[in-house]
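Summary of the model geometry
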Amino acid sequence: MAVIKKKIVVFHIIAIINLCENTQAFFGDIVNTNSGLVKGKLNKFEGFYYYSFEGIPYAENTAGENRFKPPIPKKSWSHILDATRNGPVCPQMEMKYKRNQMNEDCLSLNIYVPANITKPLPIFVFIHGGSHFMSSGNTDLMYGPQYLLQKDIIFVTMNYRLHAFGFLSLNTEDACGNSALKDVILSLQWIKQNLKYFGGDTSRITVGGQSSGATLTNLLTLSTNTNGLFQQAVLLSGFAFSPRGIIRHPEDKAFVLGKILGIKGYDTTTLLNRLRKMNAFEITDAFEQMYKTNDNILAPYSAFIPSIDKMCAQPSVEDVPAKILENRIPQVPILIGHNSNEGAFMMKTIFNHLKELEKLKRDLERLIPTDIQYPPGSKKAKELAKAITYFYFGKTNIAGDEFCLMCLIDYITDISYGVYSNDAWIRKYKKQSNSKNLYLHEFDFDGMLNWAKITYGLNTTGAIHADELGYIFRTKSTKPFLNNIDSRSKKMLVTMTDFLTDFVKYGNPTPPHRNNDIIWPEFGKEGNFLTINDNLRVMRRGTTVRMAKFNFWNKVYEDYFSYVNRGGKITQKTMQ
């Protein structure tokens, strides 16, 4: 009995300290937030101790009438919330998670804090990738934060709604789209209000993401709904300015989904009412049918992605990003980069869809980016298709037996993974006199922890899409190699986590006081960027092998915009 009383007294002391208005210190595994008390757990990793608080809800259940609507802030609770394990993941295809791990009541946060901190620490909020239709913010598979925590930052992830649940839009007030983006914004509001209780410095929040998570981050930097919620941004291999960043006519995809579910006609009210009454997994199964019948080998499948949501009471994407940038630019420092061979991520997809490859060979207009909307079969479309084919393949007919796969991969890197569009928006952004510091890199390291190559069994040169994750996080795929990695890979693990955490802490990946071997300069007027390989090299945009590609696409888009401005006929395409 005495032991129980002692525990109760200790708990009350902790709770009272946390409730004290004049302190924002972090004391242990029970934290009092504005929503209520949460209990986490103490973890040990190679002699390093840290606390984890997982599955903290930041929004109400999104099922039923709340489906496709902006999230509702979670009501406060009076009990001690058990935050010692991950919450459910949002409904998705069974690629990474099983159905018994999924639930529509999935909007939760995971917070990781070094133990024994003596001062408020900067916060890194990470938005997971997954082509907008899979994965989660849970750290069991991909985002183990131990290496980052050892460098004195707090790490936070969140779950947000996926595929149709997160991005379906009917361009109506009741289903105006971008629910997932609004989920992330609400989570950032919770973080801003509560991370001080976990020992975080809420005046130093960096938001970042990889792949589709970086695309969402890019959109957050352009939104008026995020003012003051973060002070810096990290974009890894994902950009809202690519042709795949925004969907045009999103209602078309919604009606395709409805048709698969047996909902006839094109009445938005009927479709919405029926979808809200359906079981979440019926909708997920219908989305899976859409996914499996996709015949585009040029990019990962993304039927439901961010859209222009002017119909929303509080729009999060008011226009296509390029248009937004003309009137409003990001007001935070940015660390941004891509991998040297991004497109090779699609190699297995291409080999598994050889019929679709043959269709591409016979219909070269498929190579025209979807934000270039010449009428199909027109003289302009045919000429551009031939020009693209000749530029990447060295000939205008690729229907023969000999096919240059790596030529196609180069195209996918530039267009589908947005290396060109990333260059274009950075140049446009940096021409603004009030632009903030921007640090650009190209990750080109091929070692023992390249995440995507290990996960998908791919063997190619350079670094493909998502390879960098193995040098930032402790992942399920790379964990078996961590105890026996070579010196090159170990050094890169240190290098990448240093760059990232120094940016989070100081707004500069190589701050002067750290006496780094190399100084990573800001992009500036010279177009500086860092090539990350065994030998770190500062390069200038105008001296790289990519310049010929950038110049080619600059001319393509100049011609297209000139054509449009002269009143040329266009045919609307679904994607931006």
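Please read these numbers as outputs of a predicted model, since none were measured by experiment.

1. Re the nonpolar core
With 94 residues, the main nonpolar core has Ile 56, Ile 111, Leu 168, Phe 198, Leu 257 and Leu 275 as its most contacted residues. Broken down by element, the residue count for this core peaks at eight residues, all from helix H4 (residues 179-194). Setting aside anything within four residues of it in sequence, one finds Ile 111 in contact with Tyr 51, Ser 52, Phe 53, Ile 56, Ile 154, Phe 155, Val 156, Trp 190, Leu 195 and Phe 198. By size, the runner-up hydrophobic cluster in this structure holds 85 residues, among which are Val 89, Met 102, Leu 149 and Phe 393.

2. Some remarks on the domain arrangement of the protein
Partitioning the protein into structural domains gives domain 1 (41-332) and domain 2 (337-566). For domain 1 versus domain 2, the distance between C-alpha centres works out to 24 Å. Across the boundary between the two partners, domain 1 contributes 47 residues, which contact 58 residues of domain 2. Taking both partners together, domain 1 and domain 2 bury about 4600 Å²; carbon and sulfur atoms supply 63% of that area.

3. What to know about the state of the cysteines
Disulfide: a covalent bond connecting the sulfur atoms of a pair of cysteines. Counted under the stated rule, the structure contains three disulfides. Through a disulfide, Cys 176 is tied to Cys 312; the S-S separation comes to 1.9 Å. Between Cys 176 and Cys 312 the disulfide shows an S-S torsion of about 105 degrees. By sign, it is right-handed. With Cys 176 in the loop between helix H3 (163-167) and H4 and Cys 312 in the loop between helix H8 (280-292) and helix H9 (321-327), this residue pair connects regions lying 136 residues apart in the sequence. Among the residues examined, Cys 176 registers a relative accessible area of 5% and is labelled buried. A sulfur-sulfur distance of 2.0 Å marks the disulfide that ties Cys 404 to Cys 407. The S-S bond linking Cys 404 to Cys 407 shows a torsion near 80 degrees; that makes this disulfide right-handed. Judged by relative accessible area, which is 14%, Cys 407 ranks as buried. Each bonded cysteine of the protein gets a number by its place in the sequence, and the pairs then read 1-2, 3-4, 5-6.

4. Thoughts on the environment of Arg 366
The residue Arg 366 is located in the loop between helix H11 (354-362) and helix H12 (379-393) in this model. Residue Arg 366 is classed as partly exposed on the basis of its relative accessible area, which comes to 33%. Separated by 332 residues in sequence, Arg 366 and Asn 34 have C-alpha atoms that sit 52 Å apart. Residues within four places of Arg 366 in sequence aside, it is in contact with Asp 295, Leu 298, Lys 359, Leu 360 and Tyr 411.

5. A few points about the side chain of Ser 212
Assignment of secondary structure puts Ser 212 in helix H5 (residues 212-222). Contacts of Ser 212, omitting those with residues within four sequence positions, involve His 128, Gly 129, Gly 130, Ser 131, His 132 and Tyr 160.

Thresholds applied
Residues numbered from 1 in each chain as written. Predicted model: local features only at pLDDT ≥ 70, side-chain atom pairs only at ≥ 80, totals over all residues. Heavy atoms only, no water. Core = buried A, V, L, I, M, F, W, Y, C linked by side-chain atoms within 4.5 Å. Buried < 20%, exposed > 50% of the residue type's maximum accessible area, 1.4 Å probe, protein only. Helix = DSSP H or I, 4+ residues; strand = E, 2+ residues; numbered from the N terminus. Contact = heavy atoms within 4.5 Å. Domains from an automatic or database assignment. Buried area = accessible area lost by both parts, 1.4 Å probe. Disulfide = S-S within 2.5 Å.

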